[in-house]
Amino acid sequence: MQDRKKIMLVTSWVSVLGNAFLSLLKIVIGIISGSLAVLSDGLDSAADVVTSLVILIATPIISRPPNSKYAYGQEKAENMASTILSFVILFMGGQMFITSIGRIIHPGQVELPSMIAIWATIISIVGKLLLALYQFQQGKRAESSMLKANAINMRNDVVISGGVLLGLGFTFVLKLPILDPIVALLISLYIMYSAIGIFRDANVVLMDGMSDTSIYKKIIAAVEKVPGASNPHRIRSSQVGNMYNIVLDIEANADLSLKEAHEIAQEVEESIKTSIENVYDIVVHVEPQGDNHCKEKYGINKHNLQEE
């Protein structure tokens, strides 16, 4: 946990400093050159600075050990932080959308950007690419969904900056300054779309959902490998940070002793841990084989998966 915390903190500081430099560069150049597209790209990088600051704030919280108030620890603070972040990014994208619409509606106010905007965009592409590669590598080391998501966001920023560069190229070649606010408009739409994606992914975890539902097939297959265990049902899985919390019911011979039933439950736990990485905790409830169960409101079984 301490190594994971250190990796996340160092990576976040690198991201803060790198994105702060690129953001300031593009915002200043965007204002000087008169390019709304470069300015919007700079605001997108400013959102990345906010993202990294959120990770810095959330990292000490998610690293705290479980206590009587938070029995599973506080790792879901990561997803709460992502939810807050999505609203910040959505607001930035909305502001740029409104500005871009204004420049398109009043084209007489639009002037041809200066060439310095192209050089600033090229520097941004190189810098963002290096930051994205670093973030993703460190995210894999720390098994952090926040760092990986941030890496994907920066990789998308490379695409955005590439679009800005292409738009500037056409603007200079065709001598059509109206193309600049149009590119800015497209970027603002992409920023808002990304914010909605971050919100959706974070809330799956906060609502105890599973983004990767194939985990249930792995659990069922793991139970079926254990002699004496059958009919895995009422399976529930949620995420605690980057780890899985699993609860399930199984059936066993009704004539088994308590010790024998307990040994089967332990074998089921070991089988699941062998099949699935990053298991936080497993609770196995053993029931008599063939027992009539009341209608189950919660959980997954083979029948649920086949219907999906």
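This one's a predicted model, so the numbers in the text were calculated from it and none came from an experiment. (Residues numbered from 1 in each chain as written. Predicted model: local features only at pLDDT ≥ 70, side-chain atom pairs only at ≥ 80, totals over all residues. Heavy atoms only, no water.)

> So what exactly am I meant to see when it comes to the nonpolar core here?
In summary, soluble globular proteins display a tendency toward joint burial of nonpolar side chains. One finds Ile219, Ile246, Leu248, Val268 and Ile272 to be the most contacted residues of the largest nonpolar core, which totals 25 residues. When contributions to this core are tallied by element, the ones reaching two or more residues are helix 7 (214–224), strand 2 (243–252), helix 8 (258–275) and strand 3 (279–288). At six residues, helix 7 tops the list of elements feeding residues into this core. Every residue in contact with Val268, bar those within four places of it in the chain, is listed here: Val223, Val226, Ala229, Ile250 and Val284. Of all hydrophobic cores here, the second largest spans 18 residues; its members include Ala47, Val54, Leu85 and Ala117. (Core = buried A, V, L, I, M, F, W, Y, C linked by side-chain atoms within 4.5 Å. Buried < 20%, exposed > 50% of the residue type's maximum accessible area, 1.4 Å probe, protein only. Helix = DSSP H or I, 4+ residues; strand = E, 2+ residues; numbered from the N terminus. Contact = heavy atoms within 4.5 Å.)

> Explanation requested: the packing of helix 7 against helix 8 in the structure shown.
Packed helices, taken two at a time, are described by their axes: the angle between them and the distance between them. Between helix 7 and helix 8, the least distance of the axes is 8 Å, while the angle of their chain directions is 135 degrees. With respect to their mutual orientation, helix 7 and helix 8 come out oblique. In this structure, helix 7 crosses over helix 8, and the sense of that crossing is right-handed. On the side of helix 7, the interface is formed by Lys218, Ile219, Ala222 and Val223, while helix 8 contributes Val268, Ser271, Ile272 and Ser275. (Axes fitted to C-alpha atoms, helices over the stretch in contact; angles between N-to-C directions. Parallel < 35°, antiparallel > 145°, perpendicular 65-115°, else oblique. Left-handed = near helix turned anticlockwise from the far one by under 90°.)

> Please explain a nonpolar patch on the surface as it appears in this structure.
Together, Leu166, Phe170, Val173, Leu174 and Leu176 give the surface a local cluster of nonpolar side chains, amounting to about 500 Å² of exposed area. As for its position among the elements, Phe170 is in helix 5 (residues 145–174). (Patch = residues over 30% accessible without salt bridge, like charges linked within 9 Å, V, L, I, M, F, W, Y side chains within 5 Å. Areas by Shrake-Rupley, 256 points an atom, 1.4 Å probe, with all protein chains shown as cover. Salt bridge = Lys/Arg side-chain N within 4 Å of Asp/Glu carboxyl O.)

> I tried to follow the confidence of the model for the chain on my own but got confused; where do I start?
For residues with low pLDDT, the predicted coordinates do not support detailed interpretation. Chain-level statistics for the chain give a pLDDT mean of 82 and a share of 93% at 70 or above. Put simply, helix 9 (residues 302–307) is where the chain has its lowest mean pLDDT, 68, and helix 8 is where it has its highest, 94. (pLDDT = per-residue confidence, 0-100.)

> Whenever I open this one, the packing of helix 2 (residues 36–62) against helix 3 (residues 77–105) confuses me. Can you help?
Closest axis-to-axis distance for the helix 2/helix 3 pair is 9 Å, and the angle between their directions is 170 degrees. Here helix 2 lies roughly antiparallel to helix 3, going by the angle between them. The hand of the helix 2/helix 3 crossing is right-handed. Facing helix 2, whose interface residues are Leu36, Leu39, Ser40, Leu43, Ala46, Ala47, Val50, Thr51, Val54, Ala58, Ile61 and Ile62, helix 3 presents Ala77, Glu78, Ala81, Leu85, Val88, Ile89, Met92, Met96, Thr99, Ser100 and Arg103. Of the residues in the contact of helix 2 with helix 3, the class split is 17 nonpolar, four polar and two charged. (Nonpolar A, V, L, I, M, F, W, Y, C, P; charged D, E, K, R; others polar.)

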